[in-house]
Amino acid sequence: MNPFDDPDGEFLVLADDEERHSIWPCSAAVPEGWSVRFGPDCRAACLAYVSAAWTGPRPRGVRP
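Here is a short report on the structure shown in this document. (Residues numbered from 1 in each chain as written. Predicted model: local features only at pLDDT ≥ 70, side-chain atom pairs only at ≥ 80, totals over all residues. Heavy atoms only, no water.)

**Observations concerning the overall build of the chain**
A count of helical and extended segments in the chain gives one helix and three strands. In the chain, the succession of α and β elements from N to C terminus is β-β-β-α. Within the chain, contacts between residues at least 6 apart in sequence are counted, and of these 41% link residues at least 24 apart. Summed over all atoms, the accessible surface of the chain reaches about 4200 Å², with 53% contributed by carbon and sulfur. (Helix = DSSP H or I, 4+ residues; strand = E, 2+ residues; numbered from the N terminus. Contact = heavy atoms within 4.5 Å. Areas by Shrake-Rupley, 256 points an atom, 1.4 Å probe, with all protein chains shown as cover.)

Dropping the structure here:
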């Protein structure tokens, strides 16, 4: 099973310098350029955090 899709997995919410968000399995190293914003928590809680925190798809550098 893909660790990103594990319904029983533990996840983090990451964000980069452009404020793009991603859920990330706790079992994987945080990639360079990304920082932890939330978690660890279940996948559903992390997705809810992303939905509330990331209000637009455009990176910070191209927002008006």
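There's more to say after this.
**Structural notes on the pairing of strand β2 (residues 21-25)**
Judged by how many residues are buried, β2 sits mostly within the fold: four of five residues are covered. Taken together, the five bridges between strand β1 (residues 10-16) and β2 define a ladder with antiparallel strand orientation. Looking at β2, one finds that Leu14 is bridged to Ser22. Count of turn residues in the β1/β2 antiparallel hairpin: four residues, of which Glu19 carries a positive phi of about 65°. (Buried < 20%, exposed > 50% of the residue type's maximum accessible area, 1.4 Å probe, protein only. Pairing = 2+ DSSP bridges.)

**Some points on the nonpolar core**
Within soluble globular proteins, side chains that are nonpolar tend to cluster in buried spots. Of all hydrophobic cores here, the largest spans five residues; its members are Phe11, Val13, Ile23, Cys46 and Val50. Residues contacting Ile23, with those up to four places away along its chain left out, are Phe4, Phe11, Leu12, Val13, Arg43, Cys46, Leu47 and Val50. (Core = buried A, V, L, I, M, F, W, Y, C linked by side-chain atoms within 4.5 Å.)

**Some details on the pattern of salt bridges**
For the coordinates displayed, the defined rule picks out two salt bridges. Residue Asp5 pairs with Arg43 through a salt bridge whose shortest N-O separation is 3.9 Å. Residue Asp5 is found in the segment before β1, and its partner Arg43 is found in helix α1 (residues 43-53); the two are separated by 38 residues along the sequence. Arg20 serves as the salt-bridge partner of Asp16, at 2.8 Å between the closest nitrogen and oxygen. (Salt bridge = Lys/Arg side-chain N within 4 Å of Asp/Glu carboxyl O.)

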